[in-house]
Amino acid sequence: MTPDFDICIIGAGVIGLALARQLSRRYSVLILEQADLIGSETSSRNSEVIHAGLYYPPGSLKETLCLRGRALTYQFCQQFDIPHQKIGKLIVSPTNDHPELQRLEHTAQRLAIPLQRLDRHQLHQMEPDVTAAAALWSPETGIIDSHRFMQALQHQAEQAGALLVCRSQMTSAHNHGDAWTVTINTSDGPTTIHCQTLINAAGLEAVALMATIDAGTNTADTNSDARLHNGSQTAERNNTPPVLFPARGHYFSYQGKSPFRHLVYPLPEPGLAGLGVHATLDLAGQLRFGPDVEYLDPQAASSPERYHVSEHLRRPFAAAIRRYWPALDENQLQAAYAGIRPKLSAPGNTAADFVFQRSGPATSPAWHLLGIESPGLTSALAIAEHVEQLLETR
Ligand SMILES: Cc1cc2nc3c(=O)[nH]c(=O)nc-3n(C[C@H](O)[C@H](O)[C@H](O)COP(=O)(O)OP(=O)(O)OC[C@H]3O[C@@H](n4cnc5c(N)ncnc54)[C@H](O)[C@@H]3O)c2cc1C
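Residues numbered from 1 in each chain as written. Predicted model: local features only at pLDDT ≥ 70, side-chain atom pairs only at ≥ 80, totals over all residues. Heavy atoms only, no water.

## A short note on the overall build of the protein
- Check the secondary structure of the protein and you find 9 helices and 22 strands.
- Here the C-alpha radius of gyration of the protein, 21 Å, is about what a compact globule of 394 residues would show, namely 21 Å.
- Its C-alpha atoms put the protein at 70 × 40 × 40 Å along the principal axes.
- Burial statistics for the protein: of 394 residues in total, 57% are counted as buried.
- For the protein, restricting intrachain contacts to residue pairs at least 6 apart in sequence, the fraction spanning at least 24 positions comes to 73%.
- Accessible area of the protein: about 16500 Å², with a carbon and sulfur share of 49%.
- Each charge class in the protein was averaged separately, 30 positive and 38 negative side chains, and the resulting centres sit 6 Å apart. (Helix = DSSP H or I, 4+ residues; strand = E, 2+ residues; numbered from the N terminus. Rg over C-alpha atoms; globule rule 2.2 N^0.38 Å. Buried < 20%, exposed > 50% of the residue type's maximum accessible area, 1.4 Å probe, protein only. Contact = heavy atoms within 4.5 Å. Areas by Shrake-Rupley, 256 points an atom, 1.4 Å probe, with all protein chains shown as cover. Lys, Arg positive; Asp, Glu negative; His and termini not counted. Charge placed at Lys NZ, Arg CZ, Asp CG, Glu CD.)

See the structure below:
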């Protein structure tokens, strides 16, 4: 069978688009997106922060791809005029001997990430409204216009010949040994295309889609050599899809002038479930707070109400914010938006690493990108490079 495309990418979030840009230089690429617009799920429902790379387990994919991704993202923003600002971040601590402060300092030293310890007085000079005993100043952290970033990725992919089709949902895929037949639901009814390699970058739906794709694969041909990195451990696993633990994060915007000039983060939550309810600014200077962490059952994560932000959250948000900004006027907080993390770790467990898992025969593989939660936006360009290497070396 002669494939119509070398590669079919499922999902036009920031990851699918970065992959399309990277891979369209050497391959013919089709990108399928089920929504009306690119980037309308997790990629437009986040903090838009370019992370420095301080938080992740040593040697993890999150750590290496965040570091490489940060450098590539700043370079890309400068080269292609994407609105961004290296605004810097303060990580604030209620005590000056909190073990997390030292842990972050060691990580910064190990990775040569600039990080400076501030005492109460120095912190006051930088952010007079913030109350904390000590802080860490991370000048490498920045903010980015994620929409302009994704539009630029789409534009460059299309210029290199990639074809993006929205309102096109992949519903099944069947492997024939040397190619895949992919069935797509479009507004004009179902259609099929043939491709050699499938890349599942479906975000929250990637785990379910992996099971769908594997159902269309002759298991005798399946090579289950995927590796799951979890912290410093690397475990071989078979190609059973992992379990998804969707975790919603809500945001409240602040109505009024921001008292902050930098991003303000509390110390990260245990197990890195989230980074704590932090203060971020967008490029227009609008202040917002979030995200918290609320685990959802899979049905709730796919319901039409999945991005609802309840006004009942105002109280717990105000309490979290007052730990570092006691003067907050709670009435200025307004429910804004929510995003859902495609977590692969159960509540209470240490956050799982990004997973790049292969199934299908070596001649026509399917690659599944699973658990691409934060720092996925920062890492997108590095993930694209990494997947290209996987395609070439396996
Ligand atoms: C609350 C929150 C805050 C975050 N903050 C940051 C941050 O500040 N910095 C950072 O670096 N990262 C952050 N992240 C992580 C980052 O947003 C994600 O890692 C990234 O957006 C994931 O992109 P994606 O392309 O994998 O997923 P998505 O953006 O969800 O894209 C997947 C796409 O696949 C499509 N799709 C699904 N199934 C099908 C199908 N069958 N057929 C066709 N299309 C399909 C979907 O419609 C969707 O558009 C945050 C995440 C969350 C939830």
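## Overview of the nonpolar core
- Counting 49 residues, the largest nonpolar core has Val92, Phe289, Tyr324 and Trp325 as its most contacted members.
- In this view, valine 92 contacts Leu123, Val130, Ala132, Ala134, Ala135, Val264, Tyr265, Pro266, Leu267 and Tyr324; residues no more than four positions away in its chain are not counted.
- Leu23, Leu61, Ala157 and Ala201 belong to the second-largest nonpolar core, a separate cluster that totals 45 residues. (Core = buried A, V, L, I, M, F, W, Y, C linked by side-chain atoms within 4.5 Å.)

## Quick word on the layout of surface pockets
- Its boundaries defined by the atoms lining it, the second largest pocket holds a volume of some 390 Å³.
- Residue lining of the second largest pocket: 19 residues in total, with Pro266, Leu267, Gly276, Ala320 and Arg323 positioned closest to the centre.
- With 3 residues, helix H8 (residues 314-322) is the largest single contributor of residues to the lining of the second largest pocket.
- Of the residues belonging to the lining of the second largest pocket, the class tally is 12 nonpolar, 4 polar and 3 charged. (1 Å grid on protein atoms, 1.4 Å probe; cavity = no way out; pocket = protein on both sides within 12 Å on 5 of 7 lines; lining within 4 Å. Points joined across faces, edges and corners; volume = space filled by probe spheres on them. Nonpolar A, V, L, I, M, F, W, Y, C, P; charged D, E, K, R; others polar.)

## Quick look at helix H3 (residues 99-111)
- A rise of 1.5 Å per residue sets the reference length of H3, with its 13 residues, at 18 Å; its end C-alpha atoms lie 19 Å apart and thus fit the reference within 8%.
- Within H3, burial applies to Glu100, Leu101, Leu104, Thr107, Ala108 and Leu111. Summarising the axial view, the buried residues of H3 lie within an arc of 125°, below the 170-degree limit, and thus occupy one face. Along H3, the residues that are exposed and aim more than 90 degrees away from the buried face are Pro99, His106 and Gln109.
- Looking at the packing, one finds that the buried side of H3 touches helix H2 (61-80), strand E5 (89-93), strand E6 (116-119) and strand E7 (134-138).
- Positioned one or two residues after H3, alanine 112 has a phi angle of 55°, which is positive. (Expected span 1.5 Å × (residues − 1). Arc of directions from axis to C-beta.)

## Examining the site of the ligand
- Close to the ligand lie 38 residues; Glu33, Ser43, Val49, Ile372 and Thr378 are nearest.
- Glutamine 34 is positioned such that a nitrogen or oxygen atom in its backbone is 3.1 Å from a nitrogen atom of the ligand.
- Residue assignment for the shell around the ligand shows that the elements contributing at least two residues are helix H1 (14-23), strand E10 (168-175), strand E20 (333-343) and helix H9 (376-393).
- Of the residues belonging to the shell around the ligand, the class tally is 16 nonpolar, 15 polar and 7 charged.
- When residues of the shell around the ligand are assigned to domains, at least three fall in each of domain 1 (5-44 + 148-241 + 352-393) and domain 2 (87-140 + 244-343). (Near = heavy atom within 4 Å. Polar contact = N/O pair within 3.5 Å; in protein donor to acceptor, adjacent residues only side chain to side chain. Domains from an automatic or database assignment.)

## Brief notes about the pairing of strand E17 (residues 278-281)
- Along E17, one buried face is formed by His278 and Thr280 and the opposite face, lined by Ala279 and Leu281, is buried too.
- Bridge count between E17 and strand E18 (residues 287-290): 4 bridges; the pairing is antiparallel. Counterpart to histidine 278 in the pairing with E18 is glycine 290.
- With antiparallel pairing between neighbouring strands as the criterion, E17 and E18 make up a hairpin whose turn holds 5 residues, including glycine 285 at a positive phi of roughly 90°. (Pairing = 2+ DSSP bridges.)

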